[in-house]
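Observations on the model geometry
The primary structure of each chain is shown beneath.
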Protein chains: 2
Amino acid sequence: MVDGASQKQLFIGIDGGGTKCRATIYCAERGILGTGLGGPANPLHGLERTLESIMVSTQQALRDAGLSLQTVHTLVAGLGLAGVNLPTLYEQISEWQHPFKKMYLTTDLHTACIGAHEGEDGAVIITGTGSCGFACVNGESVNYGGHGFAQGDKGSGAWLGLEALKAVLLDLDGLGPHTQLSALFKLHFNTDSGMGIAEQMAGQPSSSYAKLARMVLDAADKGDHVANAIVKDGAHYISMMAKRLLEVNPPRLSMIGGLAQPLQKWLDVDVAKKVQHPKQPPELGAVYFAQQSLANEQQKVAN
Amino acid sequence: MVDGASQKQLFIGIDGGGTKCRATIYCAERGILGTGLGGPANPLHGLERTLESIMVSTQQALRDAGLSLQTVHTLVAGLGLAGVNLPTLYEQISEWQHPFKKMYLTTDLHTACIGAHEGEDGAVIITGTGSCGFACVNGESVNYGGHGFAQGDKGSGAWLGLEALKAVLLDLDGLGPHTQLSALFKLHFNTDSGMGIAEQMAGQPSSSYAKLARMVLDAADKGDHVANAIVKDGAHYISMMAKRLLEVNPPRLSMIGGLAQPLQKWLDVDVAKKVQHPKQPPELGAVYFAQQSLANEQQKVAN
């Protein structure tokens, strides 16, 4: 399938999301050579920051692999980035004067799906800082959600955090039901006033809201009615999304992201039963994507 | 009460909110001399922009009054600004090297209340781009809401727009109930795809969301269930806020802002009955505030 040259070709798979960016350097002959971790890489929240996070994770992966930083120019890169489902962001990243030998760009959903099913057809739901669903079956793909914070991303960490914050501000004003979340948030933000909390969260990116999600899940577990209703509402949306994805008959369905595990028990039972462990992480999906894209390109040239 | 000098003293009252900034030049002897209008002036969404809008409205008011732009240095200014309930924003605006003879700063809620009741005690609810409630009775004040978009401001124009957008994105994904808003939004954004709509609204300020509110109110009027539920939920919050404000027995209660009139018929009947027309606009409240603040200061010096 792959000739000698391809066996030695170095690939880098990069998975960029709202809170972090992971990179993995891989070659067919020797497997995974090194990994790196960078900061937020969702171009919707800042193009500069995204490119910086990509480079930080790339350089870490090169060092981890014992390779010189100059080796970056020999890497064939696969990038799966949140936000590039939006056409203008896809174009902006594509126009980047990147340091790689070649760069192939797609959504984090696509690379996550390729990774989860080791390059085979399947469906994935990502619930981390944001939320979205994707299925690829017989060359056709469908996707749901992924509309970004605060207008979409229901059931995500940022959504849980925002809904909880709204509930706490209502409670502290005496304009909504009491919730244990208020005491937890007062402690977390080190202030007794709703305005003090609101001020600290004003203008914060979705990743800051996602940091509040753990408190919401914990309070829901402990039976707080408000937190319980929020988590149930978010999980119901994720269940509905799973059902829509299953309509195209994907061979497998996986859930990925920081919320995948904690949300599992809140899903509809028939959905939860169908969720299977992802076989490989999204950054390896990005490597597969780069390999497949390079092979397709070489085949086109050959024909 | 006022001596000859005070009778001739020029005041400027400035009311700054999420979408526009109004200025009125006033003197006791001759009444209103001129008015001006500037752009958004909510420092939470940009300090620079706010100061620019204040200056634009001030210069317009000076021109309207037939005064030279140099006259700005003789004006005693009263500023009622959204967002300055947050202590850091209050400080930032206070530290501004303003061009006025004197500047007195308070919240837009406070000046709206002073204006609505011509300097007397009372309560106001502002529902424009944002939402909040304020009452001033016997020197004590209480306030509710005003926590900013998207974590607070329930029942406001921006909130109506965001909730409608969320509902439309769910509908277009087949993950929420059908709503007439979807067709209206597709037309408005000139795209058939949820992602196309999401992209146009990504990162937009609250004022952009508030521009969608009219469509939501219209759809609710026409019996669309989704729009109806959104407007009812928002109006219920405003009714609850009014009831909390009425607990401190304000002599009058007024509603102000672009949503005050359209929301009226959605309020609880017992609340709607108590709402009285504001006597003067917020920018005149800002003039009263400047007059009162100057008089208090002069009295302190005299004692």
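Throughout this description, residue numbers start from 1 for each chain and increase along the sequence as written. The lettering of chains begins at A and the numbering of ligands begins at 1, in the order of writing. Where local features are concerned, this predicted model is filtered to residues with pLDDT of at least 70; where side-chain atom pairs are given and counted, the filter is 80 or more; whole-chain, interface and lining totals use all residues. Each side-chain value is derived from all of the structure's non-hydrogen atoms; neither hydrogens nor water enter the calculation.

1. What to know about the sheet that holds strand β6 (residues 122-127) of chain B
All names here are of chain B. Between any two strands, at least two bridges found by DSSP are needed for them to pair. Only runs of H or I of at least four residues qualify as helices and only runs of E of at least two qualify as strands under DSSP, and these elements are numbered from the N terminus. Taken in spatial order, the four strands make up an open sheet running β8-β7-β6-β9, and their pairing is mixed. Each edge of the open sheet is held by one strand with a lone partner, namely β8 (140-145) and β9 (253-256). Pairwise comparison of adjacent strand axes, ignoring direction, gives a mean angle of 15° for this sheet. Two strands pair when backbone bridges link them, and strand β7 (residues 131-137) and β8 are joined in this way by six bridges, in the antiparallel orientation. Looking at β8, one finds that Gly133 is bridged to Tyr144. Whenever a helix is involved, its axis is fitted only over the stretch in contact; in every case the axis is a line through C-alpha atoms, and angles between N-to-C directions fall within 0 to 180 degrees.

2. Description of the sheet that holds strand β8 (residues 140-145) of chain A
Residues and elements named next belong to chain A. An order of β8-β7-β6-β9 is seen for the four strands of this open sheet, with the pairing classed as mixed. Every other strand in the sheet has two partners, leaving β8 and β9 (253-256) as the edge strands with one partner each. Here the average twist between neighbouring strands, direction ignored, is 15°. Relative to β9, strand β6 (residues 122-127) runs parallel, the two being bridged by four bridges. Directly across from Ile125, in β9, lies its bridge partner Met255.

3. Quick look at the interface of chain B and chain A
Only heavy atoms matter for contacts: two residues are in contact if any of them lie within 4.5 Å across the pair. Chain B puts 32 residues into the contact, and the matching count from chain A is 32 residues. The buried area of a pairing is the accessible area, by a 1.4 Å probe, that goes missing from both parts when the two are put together, added over both. When chain B packs against chain A, close to 2800 Å² is buried across both sides, 63% of that on carbon and sulfur atoms. It is B:Gln151, B:Leu175 and B:Met195 in chain B that bury the most area against chain A; as a group they hold 27% of the surface buried on that side. One speaks of a salt bridge when a side-chain nitrogen belonging to Lys or Arg is within 4 Å of a carboxyl oxygen belonging to Asp or Glu. Across the contact surface, chain B and chain A share two salt bridges. Put simply, A:Lys166 and B:Glu163 hold a salt bridge, and the shortest N to O gap is 3.9 Å.

4. As for the environment of B:Gly145
If you trace the backbone, B:Gly145 turns up in strand β8. Between buried and exposed lies partly exposed: a residue is buried under 20% and exposed over 50% of the maximum accessible area for its type, with that area taken using a 1.4 Å probe on protein chains only. Owing to a relative accessible area of 3%, B:Gly145 belongs among the buried residues under this scheme. In the structure, B:Gly145 is positioned 19 residues away from B:Ile126 in sequence and 10.0 Å away in space, judged by C-alpha atoms. If near-sequence neighbours (up to four positions away) are discounted, B:Gly145 is found in contact with A:Asp173, A:Met195, B:Ser131, B:Cys132, B:Tyr237 and B:Met241.

5. Here's the deal with the packing of aromatic side chains
Residues and elements named next belong to chain A. Geometry of aromatic contacts follows a simple scheme: Phe, Tyr and Trp rings, the Trp one being its six-membered ring, pair when their centres are within 6.5 Å, and the pair is stacked under 30 degrees between planes, edge-to-face over 60, tilted otherwise. Following the criterion strictly, the structure yields six aromatic pairs over all chains and no others. With centroids separated by 6.2 Å and ring planes inclined at 85°, the aromatic side chains of Trp96 and Phe100 adopt a geometry described as edge-to-face. Judged by its relative accessible area of 15%, Trp96 is buried. Looking at Phe100, the relative accessible area reads 5%, which means it is buried.

6. Remarks on the pattern of salt bridges
Residue and element names in this part refer to chain A. Taken as a whole and assessed by the stated rule, the structure comprises 18 salt bridges over all chains. With a closest N to O distance of 3.1 Å, Glu29 and Lys8 form a salt bridge. With a gap of 21 residues between them, Glu29 in the loop between β2 (21-27) and β3 (31-38) and Lys8 in helix α1 (residues 4-8) connect regions that are remote in the sequence. What makes Glu29 partly exposed here is its relative accessible area of 44%. A salt bridge links Arg244 to Glu247; the nearest nitrogen and oxygen atoms lie 3.2 Å apart.

7. Examining the packing of helix α5 (residues 157-172) of chain A against helix α7 (residues 194-201) of chain A
Residues and elements named next belong to chain A. At their nearest, the axes of α5 and α7 sit 9 Å apart, and the two run at 155° to each other. Relative to α7, the element α5 is oriented roughly antiparallel. When the axes of α5 and α7 are compared, the crossing they make is left-handed. For the pair α5 and α7, contact is made by Leu165, Val168, Leu169 and Leu172 and by Gly194, Ile197, Ala198 and Met201, respectively. Within the contact of α5 with α7, the residues separate by chemical class into seven nonpolar, one polar and no charged. Every angle not falling under 35 degrees, over 145, or within 65 to 115 is termed oblique; those three ranges are roughly parallel, roughly antiparallel and roughly perpendicular. Helix crossings are classified by the rotation of the near helix relative to the far one: an anticlockwise turn of less than a right angle makes the crossing left-handed, while a clockwise turn makes it right-handed. Polar here means any residue other than Ala, Val, Leu, Ile, Met, Phe, Trp, Tyr, Cys and Pro, which are nonpolar, and Asp, Glu, Lys and Arg, which are charged; Gly is therefore polar.

8. Some thoughts on the relation of the copies chain B and chain A
The copies were overlaid with a least-squares fit restricted to C-alpha atoms from residues scoring a pLDDT of at least 70 in each copy. The two copies are related by a screw operation: chain B maps onto chain A through 180° of rotation and 0.0 Å of translation along the axis, at an RMSD of 0.0 Å. On the angle and the small slide along the axis, the relation comes out as a two-fold axis. Considering only C-alpha atoms, the residue of chain B closest to the rotation axis is B:Ala150, which sits at 3.6 Å. A shared interface surface links the copies, since 100% of the contact residues of chain B are contact residues in chain A too.

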